[in-house]
Protein chains: 2
Amino acid sequence: MTSSRNVVSQLRKLISDGLYQPGERIGEVQVAEQLGVSRTPVRLAFRTLEQEGLLERAGKRGFQVREFTETDVRCAVEVRGVLEGLAARRLAEQGIASELDAELAFWIQKGRELLAKGYLVEADIEGWSELNRHFHEAIVKAAGSPVIGDAIARNNHLPFAAADSIIIDRQALEQEYRKLHQAQLQHELVVQALRQGEGARAEMLMREHAFIGLRYAELLG
Amino acid sequence: MTSSRNVVSQLRKLISDGLYQPGERIGEVQVAEQLGVSRTPVRLAFRTLEQEGLLERAGKRGFQVREFTETDVRCAVEVRGVLEGLAARRLAEQGIASELDAELAFWIQKGRELLAKGYLVEADIEGWSELNRHFHEAIVKAAGSPVIGDAIARNNHLPFAAADSIIIDRQALEQEYRKLHQAQLQHELVVQALRQGEGARAEMLMREHAFIGLRYAELLG
DNA sequence: GCTCTTTACTTTGGATCCAAAACAACCCTC
DNA sequence: GAGGGTTGTTTTGGATCCAAAGTAAAGAGC
């Protein structure tokens with residue numbers, strides 16, 4: 001289990017680092033040697049990564065690294081949007097427990113503090129990524145069924161689809177500050193809607209929020 | 001590959017047939033013997049089924065059959081609804097090719113023919129399942145990116161979530177006829193919306209359509 | 001010279017073997 | 001009698017071996 005789990009995550013990293021190019025055929029022995037294990041855990045990992053969508057069957061034999069188009073990226077983001085929107089709507093409809101309310105308030109507060117000084121520094125990127133992930137996870141988790149969370153988790157395996165994969169341009173922290181500021185506002189609006197039991201509004205806000213990493217840059221630049 | 005693929009689908013069947021109870025621990029050797037193969041393909045299959053969500057890790061060792069609550073079922077149906085809704089909206093927004101238009105028209109026509117006689121016979125169930133699957137697949141496929149289709153496919157691995165898993169009560173074909181009649185109408189409305197480029201309407205119709213197997217019975221009874 | 005066939009090599013799939021980890025039962029000690 | 005440690009059994013994970021399928025290359029026939 002130790003090694004097997006590691007092989008999966010190591011392979012994920014190798015792929016997203018571009019060591020294995022999209023469309024490139026990927027062999028069991030090759031990977032096994034590179035990671036210093038036998039073929040067995042690699043074979044197991046291939047099956048997992050196939051299901052995750054990072055690998056695909058290459059013809060009649062073996063696997064290849066899946067390649068993603070612009071449209072794929074956009075779709076993956078939209079998929080996350082509708083799924084998180086669904087989670088938010090369900091949550092608003094069933095009402096939020098005071099414990100969850102406190103947790104969301106906590107991450108909202110964290111966001112305010114991070115943005116309070118009016119600009120971004122390098123270290124803030126990690127901080128935002130952290131609070132953003134917690135915020136989204138809290139909502140999805142509270143939606144009542146692991147099924148939605150699983151669907152999101154599987155979608156998030158596509159490296160560009162996860163909520164915390166918001167592309168941050170370290171060269172343009174000024175612009176990124178405005179983007180995160182907007183994201184923070186959206187977080188606060190979502191919480192507002194959740195508290196009021198406004199299901200449709202919470203859903204739409206979450207759906208729009210998913211786009212922030214995708215097409216906000218040009219507007220907020 | 002032959003055997004490996006088979007092991008996955010055979011196991012899926014054994015699980016959904018209830019031979020392995022939800023929550024029950026499932027051992028590699030046990031399954032291997034039952035299917036007459038060695039442990040290797042079973043181990044591979046377990047990883048696949050874990051990702052599909054039918055199995056889950058049982059503590060520190062092995063797997064167990066996942067159990068699903070009422071809420072899980074409802075959520076899985078809703079997940080399919082929002083995803084197919086997303087596909088339909090994208091499709092409406094980008095416009096449908098004449099080839100797809102013809103295909104959808106074909107399945108619509110099939111549905112009309114099946115329901116034309118005014119009642120259901122046993123054999124119609126299979127026929128409807130067939131055309132229904134084709135109809136849904138055509139829309140999802142045409143939505144432009146495999147990402148949405150993959151997300152739906154993964155969700156459909158939950159046996160009760162797939163569009164063609166509409167529960168048909170063979171004892172009450174009268175009632176089922178009304179249900180399928182309603183489903184047919186919804187199909188036609190979706191096509192209408194798609195042709196008109198009415199994205200939001202297409203989306204909402206698909207989302208509602210997902211519920212038909214779930215909560216229509218009591219109303220149409 | 002081109003194509004088809006056969007052969008050799010590469011790579012994956014399945015089975016078996018071995019080691020390590022987990023679980024359970026038992027015994028010993030306090 | 002209870003708790004903890006130890007031992008033994010079960011089960012999984014990793015490595016290796018063998019067979020089968022696929023691909024590529026080379027040779028023969030036209």
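Here the structure is a predicted model, which means the values were calculated and not measured.

1. Here we look at the layout of surface pockets
What the largest pocket holds in volume is close to 800 Å³. Along the wall of the largest pocket there are 35 residues; nearest its centre are Glu50(A), Glu56(A), Arg57(A), Phe63(A) and Arg5(B). Residue assignment for the lining of the largest pocket shows that the elements contributing at least two residues are β1 (25-26), α3 (39-52) and β2 (55-57) of chain A together with α1 (2-16), α3 (39-52) and α7 (146-156) of chain B. Class assignment for the residues of the lining of the largest pocket results in 10 nonpolar, nine polar and 16 charged. Lining the second largest pocket are 22 residues, with Glu137(B), Ala153(B), Asn156(B), Ala162(B) and Asp164(B) positioned closest to its centre. Looking at the lining of the second largest pocket, the elements with two or more residues in it are α1, α6 (122-142) and α7 of chain B. The biggest single contributor to the lining of the second largest pocket is α7(B), with six residues. Of the residues contributing to the lining of the second largest pocket, the split by class is eight nonpolar, seven polar and seven charged.

2. Considering the interface of chain A and chain B
Size of an interface, as often reported, equals the accessible area lost when the parts are brought together. Facing 39 residues of chain A, the contacting portion of chain B comprises 39 residues. Joining chain A to chain B, the criterion identifies eight salt bridges. The salt bridge partner of Arg66(A) is Asp150(B), with a shortest N-O separation of 2.8 Å. Inspection of the region where chain A meets chain B yields 12 residue pairs in polar contact (both at pLDDT 80 or more).

3. Quick notes on the nonpolar core
Ranked by size, the top nonpolar core spans 66 residues in total, and within it Leu11(A), Ile26(A), Leu83(A), Leu11(B) and Leu83(B) carry the most contacts. What Ile26(A) contacts, discounting residues up to four positions off in sequence, is Leu11(A), Tyr20(A), Val31(A), Phe46(A), Leu55(A), Phe63(A), Gln64(A) and Val65(A).

4. Brief notes about the domain arrangement of chain A
Residues and elements named next belong to chain A. Taken domain by domain, chain A holds domain 1 (2-65) and domain 2 (70-220). Placing a centre on the C-alpha atoms of domain 1 and another on those of domain 2 gives a separation of 30 Å. Summed over both partners, the interface of domain 1 with domain 2 comes to about 330 Å²; 66% of that surface belongs to carbon and sulfur atoms. Connecting domain 1 to domain 2 are zero salt bridges. At the junction of domain 1 and domain 2, the tally comes to one residue pair in polar contact (both at pLDDT 80 or more). Residues that form the side of domain 1 that touches domain 2 fall into these classes: one nonpolar, two polar and two charged.

5. Looking at empty space enclosed by the protein
Within the structure shown, the criterion is met by three cavities of 30 Å³ or more. Volume-wise, the second largest cavity comes out at about 40 Å³. In terms of lining, the second largest cavity is formed by Val147(A), Asp150(A), Arg154(A), Glu52(B), Gly53(B), Arg66(B) and Leu158(B). By residue number, the principal contributor to the lining of the second largest cavity is helix α7 (residues 146-156) of chain A, which donates three residues. Partitioned by chemical class, the residues of the lining of the second largest cavity number two nonpolar, one polar and four charged.

6. Re the pattern of salt bridges
Taken as a whole, this structure holds 38 salt bridges over all chains when the rule is applied. Here Asp17(A) and Lys13(A) are joined by a salt bridge, their closest N and O atoms 3.0 Å apart.

7. Some details on the relation of the copies chain A and chain B
Between chain A and chain B, which share one sequence, the superposing operator has a rotation angle of 180° and an axial displacement of 0.0 Å; the RMSD is 0.1 Å. Interpreted geometrically, this transformation is the action of a two-fold axis.

8. Quick notes on the sheet that holds strand β3 (residues 63-65) of chain A
Residues and elements named next belong to chain A. Taken together, three strands build an open sheet; the order of strands is β1-β3-β2 and the sheet is antiparallel. Because the sheet does not close on itself, it has two edges, and the strands there are β1 and β2. Of the pairings in the sheet, the one linking β1 to β3 comprises two bridges and is antiparallel in character. Across the sheet, the residue bridging to Arg25 is Gln64, located in β3. Each of β1, β2 and β3 touches α3; the most contacted strand, β2, lies at about 100° to it.

9. Some details on the sheet that holds strand β1 (residues 25-26) of chain B
Each strand in a sheet pairs with its neighbour through backbone hydrogen bonds, running either in the same direction (parallel) or in the opposite one (antiparallel). Residue and element names in this part refer to chain B. Across the sheet, three strands lie side by side as β1-β3-β2; this open sheet has antiparallel pairing. Each end of this open sheet is capped by a strand with a single partner; those strands are β1 and β2 (55-57). In this sheet, strand β3 (residues 63-65) lies alongside β2 in antiparallel orientation, the contact comprising three bridges. By the bridge assignment for β3, Glu56 is matched with Gln64.

10. Considerations on helix α9 (residues 199-210) of chain B
Between its first and last C-alpha atoms α9(B) spans 17 Å; for 12 residues at 1.5 Å apiece the expected length is 16 Å, and the two agree. Taken as a whole, α9(B) has its buried residues at Gly199(B), Ala202(B), Glu203(B), Leu205(B), Met206(B), Arg207(B), His209(B) and Ala210(B).

11. Section: the side chain of Ser145(A)
Its location among the elements puts Ser145(A) in the loop between α6 (122-142) and α7. Within the local environment of Ser145(A), its side chain forms a polar contact with the backbone nitrogen of Val147(A), the two atoms lying 3.1 Å apart. Among the polar contacts listed, one links the side chain of Ser145(A) to the side chain of Asp72(B), at a separation of 2.5 Å. Apart from the residues within four sequence positions on either side, Ser145(A) is in contact with Thr71(B), Asp72(B) and Cys75(B).

12. Observations regarding the packing of aromatic side chains
Taken as a whole, this structure holds six aromatic pairs over all chains when the rule is applied. When the centroid spacing of 5.5 Å and the interplanar angle of 70° are considered together, the rings of Phe46(A) and Phe63(A) count as edge-to-face. With Phe46(A) in helix α3 and Phe63(A) in strand β3, this residue pair connects regions lying 17 residues apart in the sequence. With respect to class, Phe46(A) is no different from Phe63(A); both count as buried. Arranged with centres 4.8 Å apart and planes meeting at 80°, the rings of Phe106(B) and Trp107(B) form a pair that is edge-to-face. A relative accessible area of 44% means that Phe106(B) is categorised as partly exposed. Accessibility expressed as a relative area gives 13% for Trp107(B), which makes it buried.

What counts, and where the lines are drawn
- Residues numbered from 1 in each chain as written.
- Chains lettered and ligands numbered in written order.
- Predicted model: local features only at pLDDT ≥ 70, side-chain atom pairs only at ≥ 80, totals over all residues.
- Heavy atoms only, no water.
- 1 Å grid on protein atoms, 1.4 Å probe; cavity = no way out; pocket = protein on both sides within 12 Å on 5 of 7 lines; lining within 4 Å.
- Points joined across faces, edges and corners; volume = space filled by probe spheres on them.
- Helix = DSSP H or I, 4+ residues; strand = E, 2+ residues; numbered from the N terminus.
- Nonpolar A, V, L, I, M, F, W, Y, C, P; charged D, E, K, R; others polar.
- Contact = heavy atoms within 4.5 Å.
- Salt bridge = Lys/Arg side-chain N within 4 Å of Asp/Glu carboxyl O.
- Polar contact = N/O pair within 3.5 Å; in protein donor to acceptor, adjacent residues only side chain to side chain.
- Core = buried A, V, L, I, M, F, W, Y, C linked by side-chain atoms within 4.5 Å.
- Buried < 20%, exposed > 50% of the residue type's maximum accessible area, 1.4 Å probe, protein only.
- Domains from an automatic or database assignment.
- Buried area = accessible area lost by both parts, 1.4 Å probe.
- Least-squares fit on C-alpha atoms with pLDDT ≥ 70 in both.
- Pairing = 2+ DSSP bridges.
- Axes fitted to C-alpha atoms, helices over the stretch in contact; angles between N-to-C directions.
- Expected span 1.5 Å × (residues − 1).
- Phe/Tyr/Trp six-rings, centres within 6.5 Å; stacked < 30°, edge-to-face > 60°.

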